[in-house]
Amino acid sequence: MTLIAVIATALIPLALIYVIVCVAQPYHTCSRCSGAGKRKALVRVKECTRCLGTGLRLRLGRQVWNRIQHTRSGR
Amino acid sequence: MHTQPELDHEMVYEPPPTQGVPVDPPAERLPVFAAVVTDQSDRRPIIPASLRSREQLRTLARWLVGYTGHTLAYHLTRSPKYAAKMLWWAPVGVGRSVSRSVRWAFDLESWALRQSAASRDDAATYLKLSQQRDRRVGWRGWVLAFGTLLVAAVVALLVWVAPLWLQLCTVGVCIPVFARLGRPIDHPILDRVVTQAAYRKLTAEMVRQALMATGAVKDLAAITFPKEIHRDGPGYLATVDLPDGVIATDIIDKRDRLAGSRALRLPVDQVWPETMRGEHPGRLALWIADRPVSSMRPPPWQLFEDGQADYFKPFHYGHDPRQRPVMWRLDERNSLFGGVPGSGKSLAVRVVLLAAILDPLVVPAVAELKGTGDFDAVEPLCPKGCYASGADEGSKHKAMAMLQWLLDECETRPPLIKRYAQQGLNKENKVNRAMAERDTRLRPIVAVFDEVQELFTDPELGKPAIAMATSIVKRGRALGIHLILATQRIDAASIPKGISSNVVLRLALAVTSHIETDLILGTGAYKNGARPTQFEPEIDAGWGYRVGMGPMAAVRAAYLNNEDAKAIAARAIAMRTSGVHDEDDAQPVWAYNLLDDVRQVWIVGEPALWSELIVPRLQALRPDIYGDLTVELFGSMMAGAGVRTVKLGRRIDGKPHTRAGVRFEELEAAIKAKQIKN
């Protein structure tokens, strides 16, 4: 019981911070190419397929938020 | 088999078509050099007219001083209120400037762009935008930091070091500046000094839509504007060229649809479509008033304060919807006023009559058969017997006597006019100002017959009255006699054809239908756009459609109440007694006429005198009037005045002589008859 309460009280500020980060800094560096935008394949250097060469990835929270917004506005 | 056809009865020789000159004339030549260099008509003056004359300059300076003074006094009285407002809004202004600097320094205006890029998951754009933000914030942050430090230092210096006057000055400058930044955009700190009329700007699009809404115009693009839409009086004027097949009167007919169209949505009273004088019939002048015209304050009557009128020249009568002055004329015409009760007939007639008496030469005569005394102010100016007011039989008989007198004038005036015209006072055989000044017997007469239907429809007096009035209307025009007829019953009996067709100036005030409109203004007036039916009695009192002078137009008589009328009549009396106009002719209007003069020069005790003895005596009495009187002319003038000249025998040195002459008793009888009539 107490454990759940402690976890909850710790999670709320953490969630808030994550929300703020999702707004102010919606992108993080791509973990696959670590922000370079390209990766070494077997023979030659190829564009990172995950971040499409930008080196940036939208945060998960922001992705969820965007999806919700798009659904709500019917697009 | 023959190759060449021969002409037989079924074949006709057809000559080859001949080529004539082209129907279209050759294109116009460009203006030649001489025409270009000599034409200066469109050059505007370098120094505006208001700065050229000393008088205008003085007026301008006076206005400027007055305006500045008023503005200063206005704001000074409100300064405590302004101070309170400024103290209230200045902190808001400080907050706003701080937040603005922060937003600038951290490039917060591109915040929305970055968020939008993130929402679209457009990483490339986001990257560009955040790089731009980084570049900006790099130096702006420093500027903000140093700026803040500087401001803090200045504030600290002001608070602890600066002298009191500098502190006060800084506060005095900063508070208004911050208040200006802090106030909401629709809450100005200073109050408005002059109220300007708010009006909607008329655009070409609105005019086009409104014209389309009438249904008369089918093609929007075919409506063209020969002139730009501009302010004209208290409203906008659009000059429109209508498409083929549509003329201005088509639109005037649909004035209500024009006013009700979605583009305008105005009371009918604000929408004034008019034909344009001197232009083709397809050109329409559409005037849109700022406010309903009936609610506008009419401009004052030009002759109200001072000034003289002239019977022979136009004078101010009233104004049109655009508040432009409208004139009225008396010479060589007669006037007819018609309208339902309450349409302002008597008021309109009175304006004309009051203007007329402001010419010291004019002799007024009034028969008002309603009995309300609308013309009482003019009574002291009317000659004896030439004023009647009442609905009774006596007034009608007085009016009949007046008509008789006017008819007599029509008899006596022509020989005089002929003589003066021969003397060269006028090129035509008509009364002009020179004649009227020379001879009191040719003074212009303005005779008003209000509610004339009472007289014309009288079972006994009607017929002779109509006959006399018709005769006066036809003949009096050139003799300086102006008849003003006003009626509230508009039918063929009240306005007989013989009268209505000879009256030039006609005014239809509020009437009930197109039949009355056409009866007053002439057949076809309603079709040509006259709509006196739109006027409402009492509310639109004085408004009417007028024909006979310029294009048919709606005009409103200047408003003069009973007090104004009395004041104007007093001025007219003063003009006549003090001899403002003709100092050499101080005698009252009717003080001398031919009969009285003959009586004056009569040799006392003689029962009869030869004309040839009277004429030199008359010439000695008034050389300017009787200067070239002949015995024959004297005879005809006496006959006109109602005294026969008879053959008189005398014995001179034993020889009998017979000459034309006048008997004393006949002269006396004629003078007495005239006095009774007057």
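Definitions and limits used
- Residues numbered from 1 in each chain as written.
- Chains lettered and ligands numbered in written order.
- Predicted model: local features only at pLDDT ≥ 70, side-chain atom pairs only at ≥ 80, totals over all residues.
- Heavy atoms only, no water.
- Contact = heavy atoms within 4.5 Å.
- Buried area = accessible area lost by both parts, 1.4 Å probe.
- Salt bridge = Lys/Arg side-chain N within 4 Å of Asp/Glu carboxyl O.
- Polar contact = N/O pair within 3.5 Å; in protein donor to acceptor, adjacent residues only side chain to side chain.
- Helix = DSSP H or I, 4+ residues; strand = E, 2+ residues; numbered from the N terminus.
- Nonpolar A, V, L, I, M, F, W, Y, C, P; charged D, E, K, R; others polar.
- Buried < 20%, exposed > 50% of the residue type's maximum accessible area, 1.4 Å probe, protein only.
- Pairing = 2+ DSSP bridges.
- Axes fitted to C-alpha atoms, helices over the stretch in contact; angles between N-to-C directions.

Asker: Can you explain the interface of chain A and chain B? Please cite residues and give values.
Answerer: By convention, interface size is frequently given as the accessible area that disappears when the constituent parts associate. On the chain B side, the residues contacting the 11 residues of chain A number 11 residues. With both chains or domains summed, chain A and chain B bury close to 930 Å², and 55% of this area falls on carbon and sulfur atoms. Counting every contact that joins chain A to chain B gives 0 salt bridges. The tally of links between chain A and chain B comes to 8 residue pairs in polar contact (both at pLDDT 80 or more). Elements with a contribution of two residues or more to the side of chain A that touches chain B: α1 (2–24), β4 (56–58) and α2 (60–72) of chain A. With 3 residues, α2(A) is the largest single contributor of residues to the side of chain A that touches chain B. A per-class count over the side of chain A that touches chain B returns 6 nonpolar, 4 polar and 1 charged.

Asker: I'd like a description of the pairing of strand β7 (residues 335–338) of chain B, backed by residues and values.
Answerer: All names here are of chain B. Burial along β7 is two-sided: the face carrying Ser 335 and Phe 337 and the face carrying Leu 336 and Gly 338 are both buried. By the bridge criterion, 4 bridges tie β7 to strand β11 (residues 481–487) in an arrangement that is parallel. In the strand pairing of β11, Leu 336 is matched with Leu 485. Across 4 bridges, β7 lies against strand β12 (residues 505–508) in parallel orientation. Bridge pairing in β12 places Gly 338 opposite Ala 508.

Asker: I'd love a proper account of the environment of B:Met552, names of residues and values included.
Answerer: All names here are of chain B. You can see Met 552 is positioned in the loop between β13 (543–547) and β14 (553–557). It is 9.5 Å that separates the C-alpha atoms of Met 552 and Arg 277, two residues lying 275 residues apart in sequence. In contact with Met 552, not counting residues within four places along its chain, are Leu 521, Ala 525, Asn 528, Gly 529, Ala 530, Tyr 545, Arg 546 and Val 547.

Asker: Provide a residue-level description of the pattern of salt bridges, including the pertinent values.
Answerer: Residues and elements named next belong to chain B. As enumerated under the stated definition, the model contains 30 salt bridges over all chains in all. Where Lys 81 meets Asp 191, a salt bridge forms, and the shortest distance between an N and an O atom there is 2.7 Å. Remark: Asp 191 occurs in the loop between α6 (164–182) and α7 (204–213) and Lys 81 occurs in helix α3 (residues 79–105); sequence separation between them is 110 residues. Relative accessible area serves as the criterion here: at 42%, Lys 81 is assigned to the partly exposed category. A salt bridge links Arg 329 to Asp 331, with the nearest nitrogen and oxygen atoms 3.0 Å apart. One salt-bridge network, held together by shared partners, links Asp 310, Lys 313, Asp 359, Arg 433 and Glu 437.

Asker: Can you tell me about the sheet that holds strand β17 (residues 655–663) of chain B, naming the residues and giving the values?
Answerer: Residue and element names in this part refer to chain B. On the basis of which strands lie adjacent, the open sheet formed by 3 strands has the order β15-β17-β16 and antiparallel pairing. The sheet is open, and its two borders are formed by β15 (608–610) and β16 (646–652), each paired with just one other strand. Averaged over all pairs of adjacent strands, the angle between their axes in this sheet comes to 55 degrees, without regard to strand direction. Judged from the 7 bridges that link them, β16 and β17 form a sheet pairing that is antiparallel. Residue pairing across strands places Ile 652 opposite Lys 655, the latter belonging to β17. Helix α19 (residues 611–621) rests against β15 and β17 of the sheet, and its axis sits at about 80 degrees to β15.

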